[in-house]
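# Structure at a glance
The residues making up each chain are set out below.
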Amino acid sequence: MSVLGTHQLYCGICHSDLQYIKNGYGFSTYPHVPSFTVEYVTPIYNISRMDMAFPPTLKFLVHEIAGIVTEVRSEEEKFKVGDKVGVGRPVGACWSCDDCGNDLENYCPKMISSTGSVYYDGSPTYGGFSDVMVADKHFVVGFPDNLSLDGAAPLLCAGITVYSSLQHFGLNQPGMHIGVVGLGGLGHVTVKFAKAFGAKVTVISTSPTKKKEAIEDLGSDAFLVSREPDQMQAAMGTMDGIIDSLCCSPCSSIAWFAEISWEASYGWCPN
């Protein structure tokens, strides 16, 4: 299936894009176009940009991609031309390894990323600022008509990351008590998803100034300042699970919260 940016296609900018520019993960390929030179949400390839000539080896970053279906295989039933859809980081996988067999395609050793990777035919993936994206339908999600593409784009990274964690670890049941560490990009989306699932949500942060935003703006039920030992002690054993939206590998901060959540003792995090 191809997603072609003919009009009003959008993408968001993720912090990992900035890391990729500086080879922060150790596997960047060059040359590529640093996506931080554009606005956070911007149309992909208007007419003037489509007229610009780029070398065929040039890589475009960004993996929060929202667009319109322009081509489908004849046997396709899930999508049709004109549908509003989104694509995140993966666009392909081997479908034969243990990870693929356990619905963990993001760990597939042959996973094809939407940016900085190579398709099955050997052509490069150009990321969200190219005009066309080809993806396996398994990695394409449909958007309802009342969801704008510009607002939907960040859901393809921060949204998918925390939504998948809540679903995978069974933290999606009404009445559960979910802790959310950090109230940044991933954290605020976690709060909104957990509340939508019907959970009680407690935000855990080092910044007391975020309490108003957490409770009044995002609907969190409670707020803990992690630097206050009395607050942390009182919360011990009260939560069904914690999503640590701050951690990167290794997830060192998870152990710190293990005492207030049984699930946290397993050491998992959304990143």
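Below is a short write-up of the structure.

Conventions we followed
- Residues numbered from 1 in each chain as written.
- Predicted model: local features only at pLDDT ≥ 70, side-chain atom pairs only at ≥ 80, totals over all residues.
- Heavy atoms only, no water.
- Helix = DSSP H or I, 4+ residues; strand = E, 2+ residues; numbered from the N terminus.
- Buried < 20%, exposed > 50% of the residue type's maximum accessible area, 1.4 Å probe, protein only.
- Contact = heavy atoms within 4.5 Å.
- Pairing = 2+ DSSP bridges.
- Axes fitted to C-alpha atoms, helices over the stretch in contact; angles between N-to-C directions.
- Expected span 1.5 Å × (residues − 1).
- Salt bridge = Lys/Arg side-chain N within 4 Å of Asp/Glu carboxyl O.
- Phe/Tyr/Trp six-rings, centres within 6.5 Å; stacked < 30°, edge-to-face > 60°.

### Remarks on the overall build of the protein chain
- Counting its secondary structure elements, the protein chain contains nine helices and 17 strands.
- Counting only residues that meet the buried cut, the protein chain has 46% of its 271 residues in that class.
- A sequence separation of at least 24 residues applies to 61% of the contacts in the protein chain between residues at least 6 apart.

### Concerning the environment of Val189
- Within the element layout of this structure, Val189 appears in helix α6 (residues 185-196).
- Overall, Val189 belongs to the buried group, its relative accessible area being 11%.
- The spacing of Val189 and Ser245 is 56 residues in sequence and 9.7 Å in space, taken between C-alpha atoms.
- Aside from chain neighbours lying at most four places away, what touches Val189 is Ala158, Gly159 and Val162.

### Examining unusual backbone geometry
- Of note, the phi angle at Trp95 is positive, near 65 degrees, even though the residue is not glycine.
- Positive phi values are uncommon outside glycine, yet Asp103 reaches one of about 60 degrees.
- On the secondary structure map, Asp103 appears in the loop between α3 (98-101) and β9 (112-113).

### Some thoughts on the sheet that holds strand β14 (residues 177-181)
- Spatially, four strands are ordered β16-β15-β14-β17 in an open sheet, and the strand pairing comes out parallel. Edge positions in the open sheet fall to β16 (222-225) and β17 (241-244), since each of these has one partner strand only. Strand after strand, the sheet turns through a mean of 25 degrees between neighbouring axes, direction not considered.
- Bridge count between β14 and strand β15 (residues 200-205): five bridges; the pairing is parallel.

### Considering α6
- The end-to-end C-alpha distance of α6, which contains twelve residues, comes to 17 Å, matching closely the 16 Å that a straight helix rising 1.5 Å per residue would cover.
- In this fold, the buried residues of α6 make contact with α5 (158-168), β14, β15 and β17.
- After α6 finishes, the residue Gly198 shows a positive phi value of roughly 90 degrees.

### Overview of the pattern of salt bridges
- Taken as a whole and judged by the stated rule, the model has three salt bridges.
- Between Asp83 and Lys80 there is a salt bridge, with the nearest N and O atoms lying 3.0 Å from each other.
- Under the relative-accessibility criterion, Asp83 is labelled buried at 18%.
- A salt bridge links Glu216 to Lys212, with the shortest nitrogen-to-oxygen separation between them at 3.5 Å. Note that Glu216 and Lys212 are positioned in helix α7 (residues 211-217) at a spacing of four residues, about one turn of the helix.

### Description of the pairing of β14
- For β14, the buried fraction is high: five of the five residues fall into the buried class.
- Burial along β14 is two-sided: His177, Gly179 and Val181 facing one way and Ile178 and Val180 facing the other are all buried.
- Bridge count between β14 and β17: four bridges; the pairing is parallel. Within the sheet, the bridge partner assigned to Val180 lies in β17 and is Ile243.

### Describing the packing of aromatic side chains
- Tallied over the entire structure, the rule returns three aromatic pairs.
- Aromatic side chains Trp95 and Phe139 sit 5.5 Å apart centroid to centroid with 25 degrees between the ring planes, which places their arrangement in the stacked category. A residue pair is termed long-range when its members are at least 10 positions apart, and Trp95 in the loop between β8 (90-92) and α3 and Phe139 in the loop between β12 (132-134) and β13 (140-142) qualify at 44 residues.
- When its relative accessible area of 12% is taken as the criterion, Phe139 is described as buried.

### Comments concerning α5
- Regarding α5, the residues found buried are Ala158, Gly159, Thr161, Val162, Ser165 and Leu166.
- Its buried side turned inward, α5 meets β14, α6 and β17.
- Just downstream of α5 lies Gly170, where phi reads positive at about 70 degrees.

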